[in-house]
Amino acid sequence: MKVDQFDFEKLKKETERIGYPVLPVVSQLVSSARAAGRMVSLGRDHPGHHRHATIMQIREGLAIIEKDIDDISDALAALAKKYRDTPMAGRSNLQQAVPITFGYKVATYLAAFERH
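This is a predicted model, so every value here is computed, not measured. (Residues numbered from 1 in each chain as written. Predicted model: local features only at pLDDT ≥ 70, side-chain atom pairs only at ≥ 80, totals over all residues. Heavy atoms only, no water.)

With that settled, consider the confidence of the model for the protein. Across the protein, the average pLDDT comes to 85, with 85% of residues at 70 or higher. Mean pLDDT values over the elements of the protein span from 81, in helix α2 (residues 22-32), up to 94, in helix α4 (residues 102-115). (pLDDT = per-residue confidence, 0-100. Helix = DSSP H or I, 4+ residues; strand = E, 2+ residues; numbered from the N terminus.)

Structure follows, in structure tokens:
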């Protein structure tokens, strides 16, 4: 069906009555397809559409998480640089060990954070 074959006045009225244009558009597609119209899918219950919507939501969520990870990495890198010469007690097997710097300690957090 070509765009100029749609009854836009009918589409407008049905969209205003229902509240969204999908059903009126599909109805006109079904009508124009005659016998093959039964093959036109509304698609709203089709698993592929659900998967696509889920993937889009996951991408948006991952973008938020990625920004948070970048911000945390930047903060850890700044701390590691700022405190690279600040001594602190090292730890080994839950006991005090040879001194290290706080910057080094934060750098190990940064390395683990970026690795995972």
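Counted according to the given criterion, the structure contains two aromatic pairs. Note on F6 and F8: the rings are 6.1 Å apart at their centroids and 45° apart in plane angle, and the pair reads as tilted. Taking the relative accessible area as the measure of exposure, F6 reaches 17% and is therefore buried. Note on F8: relative accessible area 47%, which makes it partly exposed. When the ring of Y83 is compared with that of F102, the centres are 5.5 Å apart and the planes differ by 75°; the resulting orientation is edge-to-face. Of this pair, Y83 sits in the loop between α3 (47-82) and β1 (87-92) while F102 sits in helix α4, and the two are 19 residues apart along the sequence. (Phe/Tyr/Trp six-rings, centres within 6.5 Å; stacked < 30°, edge-to-face > 60°. Buried < 20%, exposed > 50% of the residue type's maximum accessible area, 1.4 Å probe, protein only.)

This part takes up α2. Taken residue by residue, α2 has P24, V26 and Q28 as its buried positions. Looking at the packing, one finds that the buried side of α2 touches α1 (8-18). Positive phi shows up at R34, right after α2, with a value of about 50°. (Contact = heavy atoms within 4.5 Å.)

Let us now look at α1. Looking only at α1, the buried set comprises L11, E14 and T15. Angular distribution of buried residues about the axis of α1 spans 105°; they occupy a single face of the element. The outward face of α1, more than 90 degrees from its buried face, is lined by the exposed residues K13, E16 and R17. At its buried positions, α1 is contacted by α2. A side-chain oxygen of the first residue of α1 lies 3.3 Å from the backbone nitrogen of E9; this N-cap is D7. (Arc of directions from axis to C-beta. Polar contact = N/O pair within 3.5 Å; in protein donor to acceptor, adjacent residues only side chain to side chain.)

Moving on: unusual backbone geometry. You will see that N93, though not glycine, has its phi angle at about 50°, which is positive. Note that N93 resides in the loop between β1 and β2 (95-101). Among the residues examined, N93 registers a relative accessible area of 70% and is labelled exposed. Residue L94 is not a glycine yet carries a positive backbone phi of 65°. Within the secondary structure, L94 is located in the loop between β1 and β2.

We now examine a negative patch on the surface. On the surface, E66, D70, D74 and E114 cluster together into a patch of negative charge. Counting residues per element, the negative patch draws most heavily on α3, which supplies three residues. Note on placement: E66 falls in helix α3. (Patch = residues over 30% accessible without salt bridge, like charges linked within 9 Å, V, L, I, M, F, W, Y side chains within 5 Å. Areas by Shrake-Rupley, 256 points an atom, 1.4 Å probe, with all protein chains shown as cover. Salt bridge = Lys/Arg side-chain N within 4 Å of Asp/Glu carboxyl O. Lys, Arg positive; Asp, Glu negative; His and termini not counted. Charge placed at Lys NZ, Arg CZ, Asp CG, Glu CD.)

Turning next to the environment of A77. Its location among the elements puts A77 in helix α3. Considered as a pair, A77 and A107 are 30 residues apart in the sequence and their alpha carbons are 6.8 Å apart.

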